[in-house]
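Next come the chains, spelled out residue by residue.
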Amino acid sequence: MLSVGPVPLPVVLALVFLLLAMAVARFWPRPPSLSWRPANALLLDMFLLGLVGARGVFVLRNAATYLESPWSVLRIGDGGFDPLGFFVAAAAWAIWRLRKAPAVRGPVLAAALLGSSGWLLASFGLQHLQAQRVQVPAVVLQDLTGAPVRLADTQGQPLVLNLWASWCGPCVREMPVLSAAQRRHGQVRFVFVNQGEDAETVQRFLRQHAPALQGVLLDAPSATGDALGVQAYPSTLFFDRDGRLRELHLGELTAAGLEHKLRGLR
């Protein structure tokens, strides 16, 4: 799995290109009397306000889902950010601030262009690399009756692969969301691979938190997590019908965040 520890690589890339943009603004040619700090401060403001705009647009686009659970708006770890909202908010703030600051227009615009284009190219490259490198592991697991199941045989239709454990708090919170999505999206195969626990523990968890859940598999040695390089739970991977990884998500999913990712499989 492409991540740095428990941090998804897209997040790392965003921070890397923010720092790169700030470095460009820092060393951009300027009169000796002009400090580099205003340009860097504006870039940081653009980045932070861009995140707010991206989240706001995403929430508005999924307002009906968020109205069912308003507090989930605060769970920004669900990955619910709209790229267009980010760029519009960041650009609007830059235009507003630069109208009376012509001296910093050059470094800010050059840095913003380099950072945003670099991030877009790196993100597309990362997506392509994930699709080429990450596949459904060829491991043999067990269903709740003890029958063997070859995980790779679940291909042929879009697949949502969720790795979880009963002791994981975010896993407990997101399981009803995943269960509801499974009932709504019959054309998508959901597989829930428990990591490191026995059948009795898993069945007790399901009776309490997700009695209608289907597609639960047991992986006592955590072979699936090892094969994918997963270091944190819950982790959810989204594969298209050809078995290519479209997206991976580390952490808890909200209903809106999950629906957004499922749309990307179609």
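You'll find the structure just up there.
This one's a predicted model, so the numbers in the text were calculated from it and none came from an experiment. Every chain begins its residue count from 1, and numbering advances along the sequence as written. The predicted nature of this model means local features are confined to residues of pLDDT at least 70 and side-chain atom pairs, given and counted, to a pLDDT of 80 or more, with totals for whole chains, interfaces and linings taken over all residues. Think of the side-chain values as coming from all heavy atoms in the structure, minus any hydrogens and water.

What exactly am I supposed to notice about the overall build of the chain here?
Across its full length, the chain carries nine helices and nine strands. Along the first, second and third principal axes, the C-alpha atoms of the chain reach 75 × 35 × 30 Å. Considering the chain as a whole, with its 266 residues, one finds that 41% of them fall into the buried category. Contacts between residues were defined by any pair of non-hydrogen atoms, one from each residue, lying within 4.5 Å. At a minimum sequence separation of 6, the contacts of the chain that also span at least 24 residues come to 72%. Note that accessible areas follow from Shrake-Rupley with a 1.4 Å probe, and for residues the cover is restricted to the protein chains shown. Of the roughly 13,600 Å² of accessible surface on the chain, 63% is carried by carbon and sulfur atoms. The chain carries 24 positive and 17 negative side-chain charges, and their two centres are separated by 14 Å. To qualify as a helix, a DSSP run of H or I must reach at least 4 residues; to qualify as a strand, a run of E must reach at least 2; elements of each kind are numbered from the N terminus. Each residue's exposure class comes from its accessible area (1.4 Å probe, protein chains only) as a fraction of the maximum for that residue type: buried when under 20%, exposed when over 50%, partly exposed otherwise. For the purpose of counting charges, residues Lys and Arg are taken to be positive, whereas Asp and Glu are taken to be negative. His and the chain ends are not included. Note that the charge is assigned to NZ on lysines, CZ on arginines, CG on aspartates and CD on glutamates.

Any chance you could explain unusual backbone geometry here in plain terms?
Residues apart from glycine generally show negative phi values, whereas peptide bonds are mostly found in trans. The peptide bond linking Tyr-233 to Pro-234 adopts the cis configuration, its omega dihedral lying at -5 degrees. In this fold, Pro-234 is placed in the loop between helix H8 (223-228) and strand S8 (235-239). For Ser-222, which is not a glycine, the phi torsion comes out positive at approximately 55 degrees. Locating Ser-222 in the fold gives a position in the loop between strand S7 (216-219) and H8.

How do you make sense of helix H4 (residues 83-98) when you look at a structure like this?
Turn by turn, an α-helix covers 3.6 residues, leaving residues three or four places apart pointing in a common direction. Taking 1.5 Å of rise per residue, 16 residues should cover 22 Å, and H4 covers 22 Å from first to last C-alpha, within 8% of that figure. Within H4, the full set of buried residues consists of Gly-85, Phe-86, Ala-90, Ala-94 and Leu-98. Lining the buried residues of H4 we find helix H2 (37-61) and helix H5 (105-133). N or O atoms within 3.5 Å of each other form a polar contact, as long as, within protein, one can give a hydrogen and the other can take it, and as long as residues adjacent in sequence are counted only when both atoms are side-chain atoms. Two or three places before Leu-84, at the start of H4, stands the capping residue Asp-82, its side-chain oxygen 3.0 Å from that residue's backbone nitrogen. Given the number of residues in a helix, its expected span is that number minus one, multiplied by 1.5 Å.

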